[in-house]
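In case you want the letters, here they are:
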Amino acid sequence: MRFTQSSLIVGELATGQELSIPVYRLPAQDLGAPKVFIQANVHGAEVQGNAVIFQLMKQLETMDVQGEVTLLPLANPLGINQKSGEFTLGRFDPITGVNWNREYLEHHCDIPAWYQQHSHLSDTELYHDFRLMLLAGCDAHLAQSWGVTTGKRLAVSLQKLAHQADIVIDLHTGPKSCKHLYCPEYDQHAASYFSIPYSLIMPNQFGGAMDEAAFCPWWQLVEYAASQGREMTVPVSAFTLELASQERIDMKDALVDAMGILAYLSHRGVVADKVEPVAMARYGCLLADYKKYHAPKGGLVEYLAAPGVLLKAGQPLANILRLDCYGTQEELTSVQLAQDCVPILHFASASVYQGTELYKMMTNIFEL
Ligand SMILES: [Zn+2]
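None of these values were measured; they are calculated from a predicted model.

### Some points on the coordination of the zinc ion
Working step 1: Distances from the zinc ion to its protein donors, His-43 (ND1), Glu-46 (OE), Glu-46 (OE) and His-172 (ND1), fall within 2.0 to 2.6 Å.
Working step 2: Metal-centred angles of 54 to 145 degrees between the four donor atoms at the zinc ion mark the site as irregular.
Working step 3: Mapping the donors of the zinc ion onto the primary sequence yields the spacing H-x2-E-x125-H. Taken together, the positions of Glu-46 in the loop between strand E3 (36-40) and helix H1 (48-60) and His-172 in strand E7 (residues 167-174) put the pair 126 residues apart, joining distant regions of the chain.

### Some remarks on the domain arrangement of the protein
Working step 1: If you check the domain split of the protein, you get domain 1 (4-280) and domain 2 (290-367).
Working step 2: Measuring from the centre of the C-alpha atoms in domain 1 to the corresponding centre in domain 2 gives 32 Å.
Working step 3: Summed over both partners, the interface of domain 1 with domain 2 buries about 990 Å², with 75% contributed by carbon and sulfur atoms.
Working step 4: Between the two partners, domain 1 and domain 2, sit zero salt bridges.
Working step 5: It is strand E10 (residues 198-202) that provides the largest number of residues to the side of domain 1 that touches domain 2, a total of four residues.
Working step 6: A breakdown of the residues in the side of domain 1 that touches domain 2 according to their chemical character gives six nonpolar, six polar and one charged.

### Some details on the sheet that holds strand E2 (residues 18-26)
Working step 1: The sheet built from 10 strands is open, its strands ordered E1-E2-E4-E3-E7-E11-E9-E10-E12-E20 with mixed pairing. Looking at the sheet topology across the chains shown, the edges are occupied by strand E1 (4-12) and strand E20 (366-367).
Working step 2: Contacting E1, E2, E3, strand E4 (69-72) and E7, helix H5 (residues 150-163) runs over the sheet at an angle of about 150 degrees to E1.

### Brief notes about the pattern of salt bridges
Working step 1: One pass over the structure, following the stated rule, counts 14 salt bridges.
Working step 2: Salt-bridge contacts for Lys-292 lead to Glu-357; the nearest nitrogen and oxygen are separated by 3.7 Å. Within this pair, whereas Lys-292 is found in strand E13 (residues 290-294), its partner Glu-357 is found in strand E19 (residues 357-362), the two being separated by 65 residues in sequence.
Working step 3: A relative accessible area of 48% places Lys-292 in the partly exposed class.

### Some thoughts on unusual backbone geometry
Working step 1: Of note, the phi angle at His-108 is positive, near 50 degrees, even though the residue is not glycine.
Working step 2: Looking at the element boundaries, His-108 is found in the loop between strand E6 (87-88) and helix H3 (111-118).
Working step 3: Residue His-108 is classed as exposed on the basis of its relative accessible area of 66%.
Working step 4: Of note, the phi angle at Glu-247 is positive, near 55 degrees, even though the residue is not glycine.
Working step 5: Residue classification places Glu-247 among the partly exposed residues on the basis of a relative accessible area of 37%.

### Focus on the state of the cysteines
Working step 1: Counting across every chain of the model gives zero disulfides.
Working step 2: No disulfide involves Cys-109; its nearest neighbouring cysteine sulfur is the one of Cys-138, lying 12 Å away.
Working step 3: By relative accessible area, which is 24% here, Cys-109 ends up partly exposed.
Working step 4: In this structure Cys-341 is a free cysteine whose sulfur lies 10 Å from that of Cys-285, the closest cysteine sulfur available.

### A short note on the sheet that holds strand E17 (residues 342-346)
Working step 1: Read from one edge of the open sheet, four strands run E8-E17-E19-E13, paired in antiparallel fashion. Only two strands of the sheet have a single neighbouring strand rather than two, namely strand E8 (176-177) and E13.
Working step 2: Two elements, E8 and E17, share two bridges in a ladder whose sense is antiparallel. Note that in E17 the partner of Ser-177 across the bridge is Leu-345.

### Some details on helix H4 (residues 123-142)
Each full turn of the α-helix corresponds to 3.6 residues, which orients residues three or four apart in the same direction.
Working step 1: Helix length check: H4 (20 residues) gives 29 Å between terminal C-alpha atoms against 28 Å at 1.5 Å per residue, within 8%.
Working step 2: On its buried face, H4 is in contact with H3, H5 and helix H6 (210-227).

### Here we look at the packing of aromatic side chains
Working step 1: Per the counting criterion, the structure on display carries 13 aromatic pairs.
Working step 2: When the ring of Tyr-115 is compared with that of Tyr-224, the centres are 5.6 Å apart and the planes differ by 75 degrees; the resulting orientation is edge-to-face. With a gap of 109 residues between them, Tyr-115 in helix H3 and Tyr-224 in helix H6 connect regions that are remote in the sequence. For the pair Tyr-115 and Tyr-224, a shared accessibility class is recorded, and that class is buried.

### Regarding H6
Working step 1: In this model H6 runs 26 Å from its N-terminal to its C-terminal C-alpha over 18 residues, within 8% of the 26 Å that 1.5 Å per residue would give.
Working step 2: If you look at H6, its biggest bend is around 30 degrees, right at Cys-216, and the proline Pro-217 turns up within four residues after that.
Working step 3: For H6, a buried count of 14 out of 18 residues is recorded, marking the element as mostly surrounded by other parts of the structure.
Working step 4: Following H6 by one or two positions, Gly-229 has its phi on the positive side, about 85 degrees.

Parameters and conventions
Residues numbered from 1 in each chain as written. Predicted model: local features only at pLDDT ≥ 70, side-chain atom pairs only at ≥ 80, totals over all residues. Heavy atoms only, no water. Donors = N, O, S within 2.8 Å, 3.2 Å for Na, K, Ca; no water. Tetrahedral: all angles 85-135°; square planar, octahedral: opposite > 155°, others 65-115°. Helix = DSSP H or I, 4+ residues; strand = E, 2+ residues; numbered from the N terminus. Domains from an automatic or database assignment. Buried area = accessible area lost by both parts, 1.4 Å probe. Salt bridge = Lys/Arg side-chain N within 4 Å of Asp/Glu carboxyl O. Nonpolar A, V, L, I, M, F, W, Y, C, P; charged D, E, K, R; others polar. Pairing = 2+ DSSP bridges. Contact = heavy atoms within 4.5 Å. Axes fitted to C-alpha atoms, helices over the stretch in contact; angles between N-to-C directions. Buried < 20%, exposed > 50% of the residue type's maximum accessible area, 1.4 Å probe, protein only. Disulfide = S-S within 2.5 Å. Expected span 1.5 Å × (residues − 1). Phe/Tyr/Trp six-rings, centres within 6.5 Å; stacked < 30°, edge-to-face > 60°. Bend = angle between axes of the 7 residues up to and from the residue.

Below you can see the structure in the form of structure tokens.
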């Protein structure tokens, strides 16, 4: 095995055992090549990313890898082990209710002041010092005297590794979902390398997720520099890949997604081997046009619209069955939408309260 293995300690259980995450690393051959950080399974039920990391490692073993690659499968030991009956919960911290992927640190850095102090530096020196500032922010947060929550300790420990990389990829899945990815607007062209048909194009707004934590501060820095007449490129790329549905391992499909990631890493010069992206139609949608459809009533749901398939206005989306209303007009309600869209994912359960987020849809899609 070419990878070194170590552990990242991210907490302690009540009984004293340490919570640890396996860390696999390939060292750089060329220190000028981009560094990569990939993690999987921060949401407990979203296990397919682990299979993708496995396939990625098998491929990388035989490749000419130039840049340092750090891989963290099983990146949330508490979430992954939070079982209830036959299902995995693990989307929210059970103590605080906070989504595990909204815990990353926003640095609240005074970019104008920082830039004024460092503007005499070259781009490379500026990037270097900015990275140190982000890492120091993570360290200070973890060391604060009032302590940090379980979720923040996990997230900021991961974020520290992510800040050391130039390419950050966070592997998730939807509940019942087709493949899609979150891609920052400045990096749209990157979407044409992954084996993923649908991309959500993100603005420069921090909502607490890993990808945003990795790219937002850099994007802010570059935008501020531009306002001062200095053109720089955003030196960090960060994506969240949603690899179809949760509670699913598919090794063949994992290889497809590993090859998509390798096509991107090949394009970026992380691996010297030439890996071509899969030829496929790829579509984008602005995050503002990514709509949630909430159940108009409670009941039992027959999901009719398949994720990833264009749904024309007026075509059936779902049926809602109400046995308490048998014999009335309410017994079976068909729901439709008034505009064309692509359903990307739907709720995993067939029983819903009124207001449950039933589907998420891309609207106003365009070809990438
Ligand atoms: Zn997720």
